[in-house]
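If you want the building blocks of each chain, they are given just below.
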Amino acid sequence: GALGSLIVVVSHAWVTSVLTCHVLGLPIRDYYRLASPNCAVTLVQVDATGRGMLHCLNSQVPLTELARAGLPRARPQEDAAHARS
């Protein structure tokens, strides 16, 4: 996807844990430390390098509630600047 795109990943818990480790710069071998219940929502915002910020981990709030709260807006200019540094 292009910078600033919203991408939804639906997967098994271990995949979400591995991706979250990568985004946060944690060792991938520690993925098991991020236990995830069924049907949980993890929300991350990433930059062009694949690193970023964790906004929500393993939420079981209905998606309609998350949508009402508003998703974080991507800032492509900041992402591009971070990728160059």
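Residues numbered from 1 in each chain as written. Predicted model: local features only at pLDDT ≥ 70, side-chain atom pairs only at ≥ 80, totals over all residues. Heavy atoms only, no water.

Moving on, we get to the confidence of the model for the protein. Residues with a pLDDT of 70 or more make up 78% of the protein, whose mean pLDDT is 79. Model confidence for the protein, summarised as mean pLDDT per element, is weakest for helix H3 (residues 76-84) at 49 and strongest for helix H1 (residues 13-24) at 91. (pLDDT = per-residue confidence, 0-100. Helix = DSSP H or I, 4+ residues; strand = E, 2+ residues; numbered from the N terminus.)

Right, let's get into the environment of Leu34. Tracing the backbone through its elements, the reader meets Leu34 in the loop between H1 and strand E1 (41-46). Residue Leu34 is classed as buried on the basis of its relative accessible area of 19%. The spatial distance from the C-alpha of Leu34 to the C-alpha of Trp14 is 8.5 Å, given a sequence separation of 20 residues. Those residues in contact with Leu34, other than ones at most four positions away along the chain, are Ser17, Thr20, Cys21 and Leu57. (Buried < 20%, exposed > 50% of the residue type's maximum accessible area, 1.4 Å probe, protein only. Contact = heavy atoms within 4.5 Å.)

Moving on: the side chain of Ser59. Within the element layout of this structure, Ser59 appears in strand E2 (residues 52-59). A relative accessible area of 12% places Ser59 in the buried class. When near neighbours in sequence (up to four residues on either side) are disregarded, Ser59 contacts Cys39, Ala40 and Val41.

Our next topic: empty space enclosed by the protein. For the structure on display, the rule yields one cavity of 30 Å³ or more. Roughly 30 Å³ of volume is contained in the largest cavity. Taken together, Ala13, Thr16, Ser17, Thr20, Leu34, Ser36, Thr42, Leu57 and Asn58 make up the lining of the largest cavity. Broken down by secondary-structure element, the contributors of at least two residues to the lining of the largest cavity are H1 and E2. The element best represented in the lining of the largest cavity is H1, accounting for four residues. Of the residues in the lining of the largest cavity, the class split is three nonpolar, six polar and no charged. (1 Å grid on protein atoms, 1.4 Å probe; cavity = no way out; pocket = protein on both sides within 12 Å on 5 of 7 lines; lining within 4 Å. Points joined across faces, edges and corners; volume = space filled by probe spheres on them. Nonpolar A, V, L, I, M, F, W, Y, C, P; charged D, E, K, R; others polar.)

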